[in-house]
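Understanding the architecture of this molecule
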Amino acid sequence: MSSDFKLSRGKFSRSVLGTLLSVALVSGAGCAQRTDGAQHTDIPRTASGKPDMNGIWQALGNAHWDIEPHLARAALAMQPGPVVPVPAEEVLAFGAVGAVPSGQGVVVGGLIPYLPEALAKRQENKENWLHSDPEIKCYLPGVPRANYMQFPFQIFQSESKFFIAYEYAGAYRDIYLEDPGPPQVDSWMGQSFGQWEGDTFVVEVTGFNDQTWFDRAGNHHSAALKVTERYNMTSPDHLIYEATIEDSETFSRPWVIRMPLYRNINVDSRLGQFKCVEFVEELIYGHLRKHLIRK
Amino acid sequence: MTFLIPRLILLLCCGLLLLGLAFPVVSQTQVRETKPWVMPRTSNGHPDLQGNWTNATITPIQRPRGRDRVLTPDQVAGIEGRRQNLIDASGQPSDPDREAPPVGGDGSTGAAGGVGGYNYFYIDAGDRVAIFNGEPRSSLVVAPEDGRIPPLTGAAREARREASALRRVFGQYDNPENRPLGERCIKSFGSNAGPPMLPNYFYNNNYTIVQTADHIMIMTEMVHDVRIIRLGEPKPLAENIRPWMGDSWGWWEGDTLVVETTNLPLRQVNGHRYVYPGGSEDMKVTERFTRVDEQTINYEFTVDDPTTYTSAWSGEVPFKALDELVYEYACHEANYSLFNVLSGARAEEREAAKKKEEGR
């Protein structure tokens, strides 16, 4: 964060509890906040006058479970029970810790406009979640999923660079400020090209593979995905994040997700390290050990 | 070394190699002759270190015995000529009618040995010796004076013996944890992400630096490892928090960025043969970044660890500007190598057991 922000931070400082309370109060009203790119006067700015987004940010809420509106349910993986479905054997031991909290969803208008075949694929993904969700295997999360996982991310913004480091899996995005041309290769995190439209940072992300998901509910896309993100700072500690999703192979029309992002205002907050590759070795390679440890 | 190049990396390696051959790095002298260089600075007035950089070089970390610190022109020509010959020879088209490699490999070692792995087309280990302050260097280590990492202390030798004994409990293919960190897609080869940040002598020796008023971010292409260096007053992490790449903070001394790192992880230093340079929980690394021309950051480092080494040791590495994009190094996501290495070992064991059964 810039020295400008440091000067103003006292003015806007509040306790973490205060922020959490405000989250609870405003999260439902997030869509009503200004996203028109109009200038906000009380935000930190860089030497050239751009909104200064340096710092650690995180989405709060339950979009990482399911970006559509959803009820709480017992688990992500279920099996038929004698009366109603019950948690699958593999996740049973997690009990309430493995249950899915409810969420109002972040899709503007409510539901994702899937094409019929893609909707069937979503259902298949959901039913086969344990074996299909790339997050389970610690794969790179893709965009926009990376921005609303339950992990923070840190923005490094200078006059010539805009870089996002994610805690989850050590993922990162170097958001080019000059047009790099068409992506040379498909990738998990895509190729990002960012431009300022007034005070809104607009990022076009293309060059994806078809391996990433939007959440833990099986919402998916093809390699034709194009994501247009809009980062709009509404106060020193709040961003409104909006992403327009276009993928004519999967959806009948473009659609939008929108949610607030919150600055971690804790003094000395640091991005943690979650290099999870080694955490999933037993899951992925455990059956290839010389002496199996699985029962 | 096994075959864990995902498709993206193959493309990148090809691209980098071709570019490297087509556009050799412009020498420092040439730049100075064409136009006077002015230090680029950020809005905070500090030297601007931002951009993409590479530390690929064929100068080894430790000095071959008998060599002087600075190479003669003949030695440079010999070393670079041999590398070029290797590149040229390895770049020849393969004979499509060649026989399969012998079962168990051809006895050679290295990435291209055994049963045939990468040829040089896929490798980007550099083709030039390191030139630091105008001197062609025989080693990256410059202190002690012999250019070699100092001997281990008695305690460190004992620790190495214990680690070695622990490793011998297992076969090298018994478990994923017995494989090198690079093969497991956890870190790059050697001390690539650092600190100290050293070449991996294989490929993708690329870094992206972003600089803000209160942070320096250094991303190492392999395996997308991000170092977040806080500027200003050090506020070390708790003793038990030891991230990969440690805990770094930095400050400016004039036009030089100084970075100090502690809290290096013990598992990085005790378990794995690929991990370099190895050290104790007391290890401290000090790095100095000085931009000296448009194409070069002079990178200096000192490793202090009296528990491990009988003296401190230091090195100097030129980081050269890389005027190319750095592509995603998605290693784990397509790590068929680790799967195949382990399943191959299990297949061999099954075959051996079957033969034994048949021999009864």
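Just so it is clear, the model here is predicted, and its values are computed rather than measured.

Some words on the overall build of chain B
- Looking only at helices and strands, chain B has six helices and twelve strands in total.
- Counting across all 360 residues of chain B, residues that qualify as buried make up 50%.

Observations concerning the interface of chain A and chain B
- Counting residues at the interface gives 47 residues for chain A, matched by 49 residues for chain B.
- Note on chain A versus chain B: buried area summed over both sides is about 4,100 Å², and carbon and sulfur give 59% of it.
- Between chain A and chain B we count five salt bridges in total.
- Between the two partners, chain A and chain B, sit 19 residue pairs in polar contact (both at pLDDT 80 or more).
- When contributions to the side of chain A that touches chain B are tallied by element, the ones reaching two or more residues are strand 4 (153-157), strand 5 (162-166), strand 6 (172-174) and helix 5 (281-285) of chain A.
- By residue class, the composition of the side of chain A that touches chain B is 22 nonpolar, twelve polar and 13 charged.

What about the sheet that holds strand 6 of chain A?
Residues and elements named next belong to chain A.
- An order of 6-5-4-1-11-10-9-8-7 is seen for the nine strands of this open sheet, with the pairing classed as antiparallel. In the strand order of this sheet, the two ends are held by strand 6 and strand 7 (191-197), each with one partner. On average, each strand axis in the sheet is tilted by 25° relative to the strand beside it, whichever way the strands run.
- Relative to strand 11 (residues 255-263), strand 1 (residues 55-59) is paired through three bridges, and the arrangement is antiparallel. The residue of strand 11 that forms the bridge with alanine 59 is leucine 261.

Points about the packing of aromatic side chains
- Under the definition given, this model contains 24 aromatic pairs over all chains.
- Ring geometry for phenylalanine 201 of chain A versus tyrosine 231 of chain A: centroids 6.4 Å apart, planes at 45°, classification tilted. With a gap of 30 residues between them, phenylalanine 201 of chain A in strand 8 (residues 200-206) and tyrosine 231 of chain A in strand 9 (residues 226-235) connect regions that are remote in the sequence. Each member of the pair, phenylalanine 201 of chain A as well as tyrosine 231 of chain A, is classed as buried.
- Relative to phenylalanine 319 of chain B, the ring of tyrosine 207 of chain B lies with its centre 5.1 Å away and its plane at 45°, an arrangement referred to as tilted. With tyrosine 207 of chain B in strand 5 (residues 206-211) and phenylalanine 319 of chain B in strand 12 (residues 313-321), the pair connects residues that are 112 residues apart, well separated along the chain.
- Site record: aromatic cluster; members linked through ring pairs are Tyr207, Phe289, Tyr299, Phe301, Tyr309, Trp313 and Phe319 of chain B.

Considerations on helix 3 (residues 116-127) of chain A
All names here are of chain A.
- Helix length check: helix 3, at twelve residues, gives a terminal C-alpha distance of 17 Å against a target of 16 Å (1.5 Å per residue), a fit within 8%.
- When we look at burial in helix 3, the residues that qualify are Ala118, Arg122 and Asn125. Seen from one end, helix 3 has its buried residues packed into an arc of 60°, which puts them on one side. More than 90 degrees from the buried face of helix 3, the exposed residues found are Pro116, Glu117 and Glu127.
- Buried residues belonging to helix 3 abut helix 4 (129-132).

As for the pairing of strand 11 (residues 296-304) of chain B
All names here are of chain B.
- As judged from the nine bridges shared by strand 10 (residues 284-293) and strand 11, these two strands associate in the antiparallel manner. Bridging across to strand 11, lysine 284 finds its partner in aspartate 304.
- Hairpin geometry of strand 10 and strand 11 is characterised by an intervening segment of two residues between the two adjacent antiparallel strands.
- Pairing of strand 11 with strand 12, which is carried by eight bridges, proceeds in the antiparallel orientation. Of the residues in strand 12, the one forming a bridge with phenylalanine 301 is glycine 315.

Section: unusual backbone geometry
Residue and element names in this part refer to chain B.
- Residue proline 144 is reached from alanine 143 by a cis peptide bond, and omega for that bond is 5°.
- At the junction of glycine 194 and proline 195, the peptide bond is cis and its omega measures out at -5° in the coordinates.
- Backbone geometry places asparagine 133, a non-glycine residue, at a positive phi of 50°.
- For asparagine 133, the position within the fold is in the loop between strand 2 (131-132) and strand 3 (135-136).
- What makes asparagine 133 exposed here is its relative accessible area of 55%.
- Unlike most non-glycine residues, asparagine 204 shows phi in positive territory, near 55°.

Side note on the pairing of strand 5 of chain A
Residue and element names in this part refer to chain A.
- With five of its five residues buried, strand 5 lies for the most part within the structure.
- Side chains Phe162, Ile164 and Tyr166 project from strand 5 onto one buried face, and the interleaved Phe163 and Ala165 project onto a second face that is buried too.
- Looking at chain direction, strand 4 and strand 5 are connected through five bridges and run antiparallel. Bridge pairing links glutamine 157 to phenylalanine 162 in strand 5.
- Counting the residues that bridge the hairpin from strand 4 to strand 5 gives four residues.
- Here three bridges tie strand 5 to strand 6, and the two strands are oriented antiparallel to one another. By the bridge assignment for strand 6, alanine 165 is matched with tyrosine 172.

Quick look at the confidence of the model for chain B
- The predicted model of chain B averages 85 in pLDDT, with 84% of residues at 70 or higher.
- Interface confidence for the predicted complex, expressed as ipTM, amounts to 0.87; the pTM equals 0.87.

Examining the state of the cysteines
- Summed over the entire model, instances satisfying the criterion amount to two disulfides over all chains.
- Here cysteine 138 of chain A pairs with cysteine 276 of chain A through a disulfide, and the sulfurs are 2.0 Å apart. The sign of the S-S torsion, about 85°, decides the handedness of the disulfide formed by cysteine 138 of chain A and cysteine 276 of chain A: right-handed. One end of the pair, cysteine 138 of chain A, is in the loop between helix 4 and strand 4; the other, cysteine 276 of chain A, is in the loop between strand 11 and helix 5, with 138 residues separating them in the sequence.
- The disulfide partner of cysteine 185 of chain B is cysteine 331 of chain B, and the S-S distance across this bridge is 2.0 Å. Where cysteine 185 of chain B bonds to cysteine 331 of chain B through sulfur, the torsion about that S-S bond is close to -70°, and the disulfide is left-handed. On the criterion of sequence distance, the pair formed by cysteine 185 of chain B in the loop between helix 4 (154-168) and strand 5 and cysteine 331 of chain B in the loop between strand 12 and helix 6 (336-359) is long-range, its members being 146 residues apart. Each member of the pair, cysteine 185 of chain B as well as cysteine 331 of chain B, carries the same accessibility label: buried.

Cut-offs applied
- Residues numbered from 1 in each chain as written.
- Chains lettered and ligands numbered in written order.
- Predicted model: local features only at pLDDT ≥ 70, side-chain atom pairs only at ≥ 80, totals over all residues.
- Heavy atoms only, no water.
- Helix = DSSP H or I, 4+ residues; strand = E, 2+ residues; numbered from the N terminus.
- Buried < 20%, exposed > 50% of the residue type's maximum accessible area, 1.4 Å probe, protein only.
- Contact = heavy atoms within 4.5 Å.
- Buried area = accessible area lost by both parts, 1.4 Å probe.
- Salt bridge = Lys/Arg side-chain N within 4 Å of Asp/Glu carboxyl O.
- Polar contact = N/O pair within 3.5 Å; in protein donor to acceptor, adjacent residues only side chain to side chain.
- Nonpolar A, V, L, I, M, F, W, Y, C, P; charged D, E, K, R; others polar.
- Pairing = 2+ DSSP bridges.
- Axes fitted to C-alpha atoms, helices over the stretch in contact; angles between N-to-C directions.
- Phe/Tyr/Trp six-rings, centres within 6.5 Å; stacked < 30°, edge-to-face > 60°.
- Expected span 1.5 Å × (residues − 1).
- Arc of directions from axis to C-beta.
- pLDDT = per-residue confidence, 0-100.
- Disulfide = S-S within 2.5 Å.

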